[in-house]
Amino acid sequence: MSTETVAATGLRDVWTLAPDRLRRAATAVESLREQGVYLAPVRHHSPACAIAVRRAIEELRPAVVLIEGPEEYTHLLPELLHEQTRPPVALLSLPDGPGTQSTPGTQSPPGGPSRSGGASFYPLASFSPEWVALRAAHEAGAEIRFCDRPAADRVRSAAPEAGAVPATAPPEAARHPAVAPAETTDADPFARTLMSERYLAHSRSVAALARRLGCRDHDEVWDHLFETRSPADLASWRTTFDDVFAWAALSRLDYEDEVLAADGSLDREARMSARTAEAAGLLPAPAGTPSGRAAPQGPAAGDPAPGVPAAETPVPDQSGEGTPPTRGPVLVVTGAFHTLAIAEALAGLPEGEPVRRQWPDGGYGPQATGDAWLIRYDHERLDGLRGYGAGMPSPGYYERLYGAHLGGGRRDSGPHPDDSPAHAVATQVLVDIARAAADRGHRVSTPQVAAASVAASRLADLRMRSTPGRTDVLDAVTSCFVTDDGGIGPERPLGLAVAEVFGGGGTGRVPDGGAVPPLVRDARDRVIAVGLDIDTTLPRTARLDARRTPTHRARRQVLALLDLIDCGFGRQLSGPDHVAGRGLGLIGEEWEYCWTPVVEARLVELSHLGATVEAAAVTVLRQSEERLRADGAPAAADGAAELVARAAVVGLTAQLPRLVGLLARTLDTDRDLASVVTAGRRLLGLWRSRVELGLVPSATAGGAAQPPVPEDGRTPVPDQVAVPDQGPADDLLSLVAQALATAAYLVSDAGRAGPEDEEAAVASLLELHALVRDANRAWAARGVDRAGGTNRAGVAGPAGDTGRGVPPDGAAGPASAVARELARLRDDEESAPAVRGALLAIGSVDGDVPDDALVARVRGALRPGADPASAVRFLGGVLRAAPDLLLYTPELFDAVDGAIRDLSPDAFLAVLPDLRRGFTWLRPTETHRLAERVAERTGSRAADVDVRVRLDEKDLALGLAVERELAAVLARDGLAHWNGGNA
């Protein structure tokens, strides 16, 4: 039977034309209904299916309602049914969490259970059939159970990665598009949904049906066939279920059993069908052997499906103990894609053998247990257009439509189709889009809204739909609201308005005091306690002045704590970064934060780290510490200093003694100058912010807090108050002294750097020089006691002293040792050229090298006959350390100018890259001033020199070749003087 035939005849007429398999299955479904088993095939998050499920429960008053979903979710029913629970919510599972009972026949990964692999979500919206089934069944007094395979087993079956095909799967399984991990990716944690419908999205039958009906995709096909039905039609739940069954069964025929076995679908269907048989008291017949009655072979057979009514025959409990049969109907709510297999398995049809084969000999036993939690969800993450892997797109639109269906099912629509609830939804959506667009600067007039409403209705008529559907409304927006070529792009005002209205902005609610891991509760309590807003899932910005405002300091500490454990709650956008040691002179800082379901899921996943955020942070620090020890890296000092910084920033001062000890040990063994210097810089930055970070006791003089030292060190304001005890801050300065001592020992290694390592060596030496300078200022600030007017050495100091104090005991030695080693390296002709040049410039700036000595050394390095490459590297070191010397020392400018002029064309071309790199250290204003000097020297204009040209070495080589040819031609014609006399 062709899909075109299906489209032409309608779903209710399919069964007369269907293949024998579908006709037999349809007969089995009818027979099961006669025995009190009602299969309710649904599409996840479909308002139409939700209405049908509600009507079925209200009419049948079933004794048991089984719902597709991991069995361990059954213990969450009290929370799901709690009066405070408001969708959207989601049930959350972790793979192989503690307490998870696996399915018989499955095994945990080698090494035991693990929480790695990410979380799995089971979202529920107000219009989800599963949510409606839960609430309606509870109102009807039915017993409710989830009946699907445990989430841990499902994730494990997808190993080694989500969506991957096991090695034992047949080749055709790996080639099938539905097995590809398109909707299951670690890039988006919410893509790992337990409601994936990738098979329907990739179905060839559905795609052909879409083409035949003029629909763009399977979502529009679904709307065309189901969501545009009237509430009265949807209330005829048997017809709705039969049509959904036909739609999904056609898709099911596109896939081989091998493909479905490869991703665990058959295992899931085996459990759901077996749990249905248990609940209904049916005795499913083994394949090929009649049990009570022969299995029907097709519609013509005329025999009812096998099975014994529940009132007549008790079914032995799968765990070995007898259980009384169910007295009353059983309603089974599952994804429509699975209904065909479940019906065939229960009826004992031959096509049900692959499913029945999965039933364990001893049965499935009691319902599986395991860790699962009810968490808030939101429309943004439920939206199929924004990356969600299952169910309907545009949850904001469908939530409105579901509400209209509920109201329309209990009252008559108006005399005209435009009076239908669905049309009212379309009109209201258009009005809200116009309003949201206007708020963003895109004006939509009232006549435009009226025209769009008419257009949506006329498009629905043209497409043979009883009411406007989602795509009809979107097309009406495009045709009536767009006034330029920009369309409704995602970044344009109209596009943002459409996304807001169609996507919705709802956030769910879970009961107070519900079962959540202690880590989640503690994190939420901390965030609320410091005044951060978590009532919305939209990103918020916190602007903090943690240096001067205690409440802001507490907020920053909570944000930093949650950032340390990597739960995704917030990130710093700007301001001082105390861990990296950047921007410490800044006062304000900005954080972006957002409490979303993914944050809660991540916190659940991290629950094994500790019961509180602080405990989890300590575990993270200890894990990092162990990795640092295990790696045994020679450059470990900076890593240990980063751990100290992280502990200080998040307020874990109790961990500092241990981490300080670790850093002290690594400083003794580290042989990487850059690592040691960077560690010292981190520590010094922490000391500067010691009051802000709580690393010193509260100041006692006048009750005033001790302000931090400015980054430039010119006014050591901390000495304005008495600080009798610096606490951990003193340890930081002691470690800085130790870092300097180690650096002094390693300085000589920088002098032996090769050409490829010179730039890094120069950078380390410049950082070391800055560290010595800033450490001396810090020691001076620490040593001076303003209250007593003396420093720690007992030397009297004037009240206005600006910080040339005496370092702490033993600290002056390392600083002096570093200065001696730098001077020795500067004067050593065997040192790397760039290193010598940089240290010479530093000495000149510090006053240790007179100007005449500087010029003489530069002239010597750039003298005629010197190696051009070494000379330019030397010059690059000078410019890297102090580029302004070239502007303010005329003799130095003359020496450099002369050396460059004396280079041959080939030599100039060879050293050009290094020259370029050297001059990039000039600031734009300095570059302009240098251009003026060069222009003055060459008799040209500065505008001709200070110009940005895009030439590479090849372009310059070509230009030089042309110049040589031109010079040769001029010399041949006796015009060499035109070229300055050079041939």
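Our structure is the block above this text.
The paragraphs below set out a description of the structure included in this document. A quick note: this is a predicted structure, and the numbers were derived from the prediction, not measured.

Strand order in the open sheet made by the three strands is 4-3-9, with antiparallel pairing throughout. Single-partner strands in this sheet number two, and they are strand 4 (120-124) and strand 9 (372-376). Put simply, the sheet's adjacent strands are angled 25 degrees from each other on average, direction ignored.

Looking now at the side chain of Glu79. Assignment of secondary structure puts Glu79 in helix 5 (residues 77-80). Leave out the neighbours within four places in its chain, and Glu79 touches Thr85, Leu374, Pro511, Gly514 and Ala515.

For side chains of opposite charge, pairing can occur when their charged atoms come near one another. Across all of its chains, the model carries 60 salt bridges by this definition. Arg21 serves as the salt-bridge partner of Glu344, at 2.7 Å between the closest nitrogen and oxygen. Taken as a pair, Glu344 in helix 16 (residues 336-347) and Arg21 in helix 3 (residues 20-34) lie far apart in primary sequence, 323 residues in all. In this structure Glu344 comes out as buried when scored by relative accessible area, which is 1%. Via salt bridges that share partners, Arg216, Glu220, Arg463, Arg465, Asp472 and Asp475 belong to a single interconnected network.

Looking now at the environment of Arg216. Note that Arg216 resides in the loop between helix 10 (204-213) and helix 11 (218-227). Linking Arg216 and Thr471, residues 255 residues apart in sequence, is a C-alpha distance of 9.2 Å. When neighbours within four sequence positions are excluded, Arg216 is seen to be in contact with Arg463, Thr471 and Asp475. Looking at Arg216, its side chain comes within polar contact range of the side chain of Asp475, at 2.8 Å.

Cis peptide bonds are those with omega within 30 degrees of zero, and the linkage from Pro87 to Pro88 qualifies with 5 degrees. Position of Pro88 relative to the elements: it lies in the loop between helix 5 and strand 3 (89-93). In the Ramachandran plot, Asp566 falls in the positive-phi region, its phi being about 60 degrees despite a non-glycine side chain. Mapped onto the elements, Asp566 comes out in the loop between helix 25 (550-564) and strand 11 (570-574).

A full pass over the atoms with the stated rule returns 14 aromatic pairs. With a centroid separation of 5.6 Å and 70 degrees between ring planes, the pair formed by Tyr73 and Tyr122 is classed as edge-to-face. Pair noted here: Tyr73 is in the loop between strand 2 (64-70) and helix 5 and Tyr122 is in strand 4, with a separation of 49 residues, a long-range link. A relative accessible area of 2% places Tyr122 in the buried class. A connected cluster of aromatic rings, assembled from ring pairs, spans Tyr38, Trp237 and Phe241. Positioned over the ring face of Trp687 is Arg690, at 3.6 Å from the centre of the ring.

Reading guide: rules and limits
Residues numbered from 1 in each chain as written. Predicted model: local features only at pLDDT ≥ 70, side-chain atom pairs only at ≥ 80, totals over all residues. Heavy atoms only, no water. Pairing = 2+ DSSP bridges. Helix = DSSP H or I, 4+ residues; strand = E, 2+ residues; numbered from the N terminus. Axes fitted to C-alpha atoms, helices over the stretch in contact; angles between N-to-C directions. Contact = heavy atoms within 4.5 Å. Salt bridge = Lys/Arg side-chain N within 4 Å of Asp/Glu carboxyl O. Buried < 20%, exposed > 50% of the residue type's maximum accessible area, 1.4 Å probe, protein only. Polar contact = N/O pair within 3.5 Å; in protein donor to acceptor, adjacent residues only side chain to side chain. Phe/Tyr/Trp six-rings, centres within 6.5 Å; stacked < 30°, edge-to-face > 60°. Lys NZ or Arg CZ within 6 Å of the ring centre and 35° of its normal.

Purely geometric stuff here, so don't read any function into it on its own.
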